[in-house]
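# Results of the structural survey
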Amino acid sequence: MRVAVVSAEAVPYSKTGGLGDVAGALPKALKKIGVDSVLITPCYLQTKGEYLWKLAIDDLWVDWRGLIYRAKAFYSEANGSPTFLIDAPEFFHRSSIYGFREDYERFAFFSHASILLLKRLGAPPDIVHLNDWHTGFAAVELARLSNYDPYWQKTHVVFSIHNLAYQGGFSLDELWKLGFGGEFEVNAFSFNGYASALKAGLVVSDVLTTVSRRYSLEIQTPEAGYGLDWLLRLRSNRLFGIVNGIDYEVWNPETDPNLPANYSKNDLSGKLICKRSLLESFGLPVDLEKPVFASISRLTAQKGIDLIMEIAGELLATGSYIIALGSGEWQYEQFWQRLRDYAPRQVGVYIGYNETLAHKIEAGADIFLMPSRFEPCGLNQMYSLRYGTVPIVRAVGGLDDTVENFNAVTLTGTGFKFQEFRADKFLEKIYEALFIYYDKELWRRLQLNGMNEDNSWENAARKYVQLYSMLKD
Ligand code: ADP
């Protein structure tokens, strides 16, 4: 089976969020279980030169809006699987990866160039696996090509939704300029008076997936459907939820080079060393008896920071530490900084993006807070489970799929979970967690339950292969 994964970002070449993690890891996991996989992604100004192993194609001619561009493609396996990075400086050499008025045009170009590149690479893929709105253009083009180009006739298209909130909207007038003037195509893109690349992908792809089972159900409701719930309900027999895996090589407390001490489920003593070092690095007084609560997150409303703001006073009153790493909206950054100024002996804050520190926090913390409003999958709760850090989550999206509420009688469960988006419900779970925390034996059991979970990519990749096989037969 030949699978081509196409994504606007992929670790380690580029990343702004969970999409990058998935697109980097899935092809590697597919390859490990014997699938012939290739990843296609842009080469940005931000992509490190060391990842561009060699120039594979220096004359990828791309016909585009009446002009012909000469793009290039670099080859790499820095993510652990064969990757081609499309290099077209006009489109991808910018000060940031996204955030430009003409983003729709940049990724329409990427979609088109990816299809041309794939055709240059030899036999057609059985599956083209597209991701998020950036690749909706490719879904439509492949649907068109399958009608008359024998090369594409046996290829099936899987389209994954990582976040329905980003829809790739632009003016309908632009469609014909991008080469999508046909009636079927205009219909596919049309959405509330404008064009949506995401909607087009959802309409024309053979199969749709989301990054958790619960999210696949939520997006079929008006509350979480962003105006597309009707379409997702229409296509519900073609919509599947597969929870993301996490990279078990990068996120492994036994080998993680970012930690002051490594540890495993058989010997957790290193975790205490990590806790001490974490407190010291934030200049906090060291009392290892007290729990460390942590948050690592983009600071946006999605992540439920408002709930943390509401309960922060009560949480501090328990004498616990709070450590936060994040960047994003001004009011949330302000909140964290003020909280630290208010209780400098209990609160540690780092505003910014820091991968190494993220590892140190996952290892050194006791409890991880993730009270999201919505969460397609979420990765940090899974990192927490692996690092013996107990997550407190809201029961939405992937958080609901991956965390089971702890039951102190049956001793089952991996964390704490509340339903409604309400501060009092969140606080109840915090108190419950504290109660268990001070019972060392129960806490150890809870930690081990989490550490024994299998959230590996291999597990997730097998589910994708089942889906691909279903299409192929
Ligand atoms: P989302 O994709 O919505 O941001 P996920 O939980 O799916 O949320 O993935 C977020 C990823 O980004 C995780 O790998 C997380 O550790 C990382 N991350 C988020 N904010 C920061 C930060 N300030 N510093 C380091 N890593 C961060």
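### A few points about the environment of I246
Along the chain, I246 falls in the loop between β12 (239–241) and α9 (269–281). In this structure I246 comes out as buried when scored by relative accessible area, which is 2%. Measuring from C-alpha to C-alpha, the distance between I246 and K15 comes to 15 Å, with 231 residues separating the pair along the chain. Those residues in contact with I246, other than ones at most four positions away along the chain, are L379, M382, Y383, R386, N455, S456 and W457.

### Topic: the sheet that holds strand β18 (residues 416–418)
What the six strands build is an open sheet, ordered β15-β14-β13-β16-β17-β18; its pairing is parallel. Because the sheet does not close on itself, it has two edges, and the strands there are β15 (347–351) and β18. Strand-to-strand, the axes of this sheet are offset by a mean angle of 15°, without reference to chain direction. Sheet topology places strand β17 (residues 390–394) next to β18; three bridges connect them, and they run parallel. Looking across to β18, one finds that V393 is bridged to K417. Set on the sheet, helix α12 (residues 355–364) makes contact with β13 (292–299), β14 (321–328), β15 and β16 (367–370); between it and β13 the angle comes to about 150°.

### Observations concerning the site of the ligand
In the neighbourhood of the ligand, 20 residues make up the surrounding shell, with G18, R298, K303, G352 and L379 lying closest. The separation between an oxygen atom of the ligand and a polar side-chain atom of K303 is 2.8 Å. Taking 560 Å² as the accessible area of the ligand by itself, protein coverage stands at 93%. Contributing elements (two or more residues each) for the shell around the ligand: α1 (18–32), β13, β14, α12 and α13 (380–386). The element that contributes the greatest number of residues to the shell around the ligand is β13, accounting for three residues. Tallied by class, residues from the shell around the ligand come to six nonpolar, nine polar and five charged.

### Digging into the domain arrangement of the protein
Parsing the protein into structural domains produces domain 1 (2–245 + 458–472) and domain 2 (269–453). Here the C-alpha centroids of domain 1 and domain 2 sit 33 Å apart. Contacts between the two partners involve 18 residues from domain 1, matched on the other side by 18 residues from domain 2. Put simply, domain 1 and domain 2 have two salt bridges between them. Here R214 makes a salt bridge to D400, at a shortest N to O gap of 2.7 Å. Connecting domain 1 to domain 2 are eight residue pairs in polar contact (both at pLDDT 80 or more). Broken down by secondary-structure element, the contributors of at least two residues to the side of domain 1 that touches domain 2 are α1 and α7 (213–218). Among the residues making up the side of domain 1 that touches domain 2, the classes are represented as six nonpolar, seven polar and five charged.

### Here's the deal with the sheet that holds strand β9 (residues 190–191)
With antiparallel pairing, three strands are arranged side by side in an open sheet as β8-β10-β9. In the strand order of this sheet, the two ends are held by β8 (169–170) and β9, each with one partner. As paired strands, β9 and strand β10 (residues 194–196) are joined by two bridges and run antiparallel to one another. Residue pairing in the sheet places S190 in a bridge with A195 of β10.

### With respect to the packing of aromatic side chains
The tally for this structure, following the rule as stated, stands at 30 aromatic pairs. With a centroid separation of 5.8 Å and 65° between ring planes, the pair formed by F191 and Y194 is classed as edge-to-face. Between W251 and Y383 the ring centres are 3.7 Å apart and the planes differ by 10°, which places this aromatic pair in the stacked class. Within this pair, whereas W251 is found in the loop between β12 and α9, its partner Y383 is found in helix α13, the two being separated by 132 residues in sequence. Each member of the pair, W251 together with Y383, is buried. Among the aromatic residues, ring-to-ring pairing joins Y44, W64, Y69, F91, F92, Y98, F107, F109, F110 and W133 into one connected group. The side chain of R94 reaches across the aromatic face of F100, ending 5.0 Å from its centre. Lying across the ring of Y248, R386 places its NZ or CZ 3.6 Å from the centre.

### Quick look at the packing of helix α3 (residues 103–120) against helix α4 (residues 136–148)
The geometry of α3 relative to α4 is characterised by a closest axis approach of 8 Å and an angle of 40° between their N-to-C directions. The angle between α3 and α4 falls in the class oblique. Two packed elements cross with a definite hand, and for α3 against α4 that hand is right-handed. Residues Y104, F107, A108, S111, H112 and I115 of α3 pack against F137, A138, E141, L142 and L145 of α4.

### Describing the nonpolar core
Of all hydrophobic cores here, the largest spans 66 residues; its most connected members are F109, F137, L164, F189, L202 and L232. If one sorts the elements of this core by residue count, α3 sits on top with nine residues. When residues no more than four places from it in sequence are discounted, the contact partners of F137 are Y104, F107, A108, S111, F170, L178, F180, F189 and A197. Formed by 36 residues, the second largest nonpolar core is a distinct cluster that contains I305, I311, F426 and I430.

### Examining the environment of Y13
Structurally, the position occupied by Y13 is in the loop between β1 (2–6) and α1. Engagement of the side chain of Y13 in a polar contact is seen with the side chain of S76, the distance being 3.4 Å. Polar contacts involving the side chain of Y13 include one to the side chain of N79, which spans 3.0 Å.

### Things to note about the pairing of β13
Within β13, seven of the eight residues are buried, which leaves the element mostly enclosed by the surrounding structure. With eight bridges connecting them, β13 and β14 associate as parallel partners. Residue pairing in the sheet places S297 in a bridge with G326 of β14. After leaving β13, the chain enters helix α10 (residues 305–317) and then returns to the sheet as β14, a path that is right-handed.

Thresholds, definitions, all that
- Residues numbered from 1 in each chain as written.
- Predicted model: local features only at pLDDT ≥ 70, side-chain atom pairs only at ≥ 80, totals over all residues.
- Heavy atoms only, no water.
- Helix = DSSP H or I, 4+ residues; strand = E, 2+ residues; numbered from the N terminus.
- Buried < 20%, exposed > 50% of the residue type's maximum accessible area, 1.4 Å probe, protein only.
- Contact = heavy atoms within 4.5 Å.
- Pairing = 2+ DSSP bridges.
- Axes fitted to C-alpha atoms, helices over the stretch in contact; angles between N-to-C directions.
- Near = heavy atom within 4 Å.
- Polar contact = N/O pair within 3.5 Å; in protein donor to acceptor, adjacent residues only side chain to side chain.
- Areas by Shrake-Rupley, 256 points an atom, 1.4 Å probe, with all protein chains shown as cover.
- Nonpolar A, V, L, I, M, F, W, Y, C, P; charged D, E, K, R; others polar.
- Domains from an automatic or database assignment.
- Salt bridge = Lys/Arg side-chain N within 4 Å of Asp/Glu carboxyl O.
- Phe/Tyr/Trp six-rings, centres within 6.5 Å; stacked < 30°, edge-to-face > 60°.
- Lys NZ or Arg CZ within 6 Å of the ring centre and 35° of its normal.
- Parallel < 35°, antiparallel > 145°, perpendicular 65-115°, else oblique.
- Left-handed = near helix turned anticlockwise from the far one by under 90°.
- Core = buried A, V, L, I, M, F, W, Y, C linked by side-chain atoms within 4.5 Å.
- Right-handed = clockwise from strand over helix to strand, strands pointing away.

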